[in-house]
Amino acid sequence: MYPHLEDLPFNDEFIVQSFLNYTRRAVEILQPDYLVVGVEMSKLAEFPEDRWPAFVELHRTIRTEIKKEYPHLPIGIEFTPQPLMNPAIAETVKPILSDIDFLAISLYPYASEIPESWGYDPLPDPPEAWNAPLRMFRKFVGPQLPLAIHEMGYASEDAVLNVSPDPLNNPQYLTLKGDPKLQEQFMEDVLAWAQREQALYVINYVSVDYPDVYEEIPDFPRSEEHTSELQSPDHLVCRLLLE
């Protein structure tokens, strides 16, 4: 990020107009079936005194303006499960549900230890590691608001990640446990849930094993996550990042 932008709040006039221009351009080019503004935003609600209210204002402005031009385009936001397991965070973010057309879910249950390293409660053991969050999301939004799996994955092999805020000078490694049988069960359970819930769409965020990618693109940024192949989604989803 440019240094002169780092300290600006989400609702700063320049930030709002710039992001609106970006969103308009993305929608114009991609013509998506669904639009998600803000990825994995539930953690931001740890900062309700400033950052979360400013983001809500930004999100509301983007949605209002885009709806003027694309009134039938569903616009949502993406949340992760573990922050919402904190009642204070859930209460803080819940009012935004009245400003969205659907809630998008990010679900990587094998990576529970990453949010745990930030102070969040662990997910239960599989298969409740994914079934419990999915039930929680439905209860959180109520019976009417549509849900979508905006990104998900389950590793087939162990993944070693450096989660340190200062990864070069003070590395902190976590080993995330992968398992091909749990991966298969995860995929089956989530797809069955999506069918029961009539989820708007399901995206398996990584559609092939990373080692296969490394063989074709030697300089590709490396991760130790592995996933099995899945079919592509039927709809085009525009994912606008706010990180």
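Residues numbered from 1 in each chain as written. Predicted model: local features only at pLDDT ≥ 70, side-chain atom pairs only at ≥ 80, totals over all residues. Heavy atoms only, no water.

1. A few points about the packing of aromatic side chains
Aromatic rings considered in pairs are described by the distance between their centres and by the relative angle of their planes.
Next up, step 1: Counted according to the given criterion, the structure contains eleven aromatic pairs.
Next up, step 2: Note on Tyr34 and Phe102: the rings are 5.7 Å apart at their centroids and 75 degrees apart in plane angle, and the pair reads as edge-to-face. Here Tyr34 is found in strand E1 (residues 34–37), whereas its partner Phe102 is found in strand E3 (residues 102–107), with 68 residues between them in sequence. We note that Tyr34, like Phe102, is buried.
Next up, step 3: Taking 6.1 Å as the distance between ring centres and 75 degrees as the angle between the ring planes, the aromatic pair formed by Phe102 and Tyr201 counts as edge-to-face. You can see Phe102 sitting in strand E3 and its partner Tyr201 sitting in the loop between helix H7 (180–197) and strand E7 (202–204), a full 99 residues away along the chain. You'll find Phe102 and Tyr201 in the same group, each marked buried. (Phe/Tyr/Trp six-rings, centres within 6.5 Å; stacked < 30°, edge-to-face > 60°. Helix = DSSP H or I, 4+ residues; strand = E, 2+ residues; numbered from the N terminus. Buried < 20%, exposed > 50% of the residue type's maximum accessible area, 1.4 Å probe, protein only.)

2. Side note on the pairing of strand E6 (residues 173–176)
Sheet faces and side chains relate simply in a regular strand, where the side chains alternate between the two faces.
Next up, step 1: Burial of E6 is one-sided: the residues Leu174 and Leu176 facing one way are buried, the residues Tyr173 and Thr175 facing the other way are not.
Next up, step 2: In this sheet, E6 lies alongside strand E5 (residues 159–162) in antiparallel orientation, the contact comprising four bridges. Within E6, the position partnered with Ala159 by the bridge is Leu176. (Pairing = 2+ DSSP bridges.)

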